[in-house]
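# Residue-level structure breakdown
Now for the letters of each chain:
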Amino acid sequence: MASSSSKSTNESARKIFKILLTNPRIKVSWVKAHAGNIGNERADQLTKDATQHGQPYSHTKFPKPHIKGLFRKRMLEEWQTSWKNGVTGRKIYNLKPSVSLRPTNWIREDVIFFSQHGPFPAYLKRFHLSDICGEIGTALYYATECIHTVSWHMRKPAPNFEQEWLKRVANNLVSRQKIR
């Protein structure tokens, strides 16, 4: 690669080399061609367009905060699409359908309760394990009915309002502390 050599006689290559030297955060690495890498495929397409249609390359300088904002926006859009169309994490998706860079302030117990990936018989049954109740209970069962958690019981929602109840509990710090 000509741009990786300071001895290159190509003016563009020397400019690229200088940019790489002055920006240590920029990393250059080899990428296999035509392997489905989105950035590489886009670069190939731009190169092809420029050579076939004579589109000149223009180096427009944008402020770094502007570029970072564009990247952040694009990343959030891609993340949201991936979250919306995903297969896993649907219990959490039903409570938090939008991605965000702001933390939820959930602790381990909150994640266990809302994802139902913990010591709940409904989850343990998958691994042929059971708990002291012997019930095929869910997180909702422990929060509202189990005889071993009576002192922490919350009012049980009607079956058609369970999802709304979970959303309210997820967004209420006092309720989450009670569940913990």
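Residues numbered from 1 in each chain as written. Predicted model: local features only at pLDDT ≥ 70, side-chain atom pairs only at ≥ 80, totals over all residues. Heavy atoms only, no water.

The chain is annotated in an unreviewed UniProt entry as RNase H type-1 domain-containing protein of Araneus ventricosus.

## Structural notes on the nonpolar core
Counting residues in each nonpolar core, the largest one holds 13 residues, and the members touching the most others are Leu95, Trp106, Phe113, Phe114, Trp165 and Leu166. Here this core gets 4 residues from one element, more than from any other, and that element is helix 8 (residues 162-170). Once you skip the residues sitting within four places of it in the chain, Trp165 turns out to touch Phe113, Leu140, Ala143, Thr144, Met154, Arg155 and Pro157. (Core = buried A, V, L, I, M, F, W, Y, C linked by side-chain atoms within 4.5 Å. Buried < 20%, exposed > 50% of the residue type's maximum accessible area, 1.4 Å probe, protein only. Helix = DSSP H or I, 4+ residues; strand = E, 2+ residues; numbered from the N terminus. Contact = heavy atoms within 4.5 Å.)

## Some details on helix 1 (residues 11-22)
Taking 1.5 Å as the rise per residue, helix 1 with 12 residues should run 16 Å; its terminal C-alpha atoms sit 17 Å apart, in good agreement. With a side-chain oxygen positioned 2.8 Å from the backbone nitrogen of Ser12, the residue opening helix 1 is Asn10. (Expected span 1.5 Å × (residues − 1). Polar contact = N/O pair within 3.5 Å; in protein donor to acceptor, adjacent residues only side chain to side chain.)

## Some words on unusual backbone geometry
In this structure, Asn105 takes a positive phi of about 65° despite not being glycine. A residue is classified by how much of its surface remains accessible, and Asn105, at 56% relative accessible area, is exposed.

## Some points on a positive patch on the surface
On the surface, Arg25, Lys64, Lys68 and Arg72 cluster together to form a positively charged patch. Relative to the elements of secondary structure, Arg25 occurs in the loop between helix 1 and helix 2 (38-53). Take Arg25: its relative accessible area is 82%, and that puts it in the exposed class. (Patch = residues over 30% accessible without salt bridge, like charges linked within 9 Å, V, L, I, M, F, W, Y side chains within 5 Å. Areas by Shrake-Rupley, 256 points an atom, 1.4 Å probe, with all protein chains shown as cover. Salt bridge = Lys/Arg side-chain N within 4 Å of Asp/Glu carboxyl O. Lys, Arg positive; Asp, Glu negative; His and termini not counted. Charge placed at Lys NZ, Arg CZ, Asp CG, Glu CD.)

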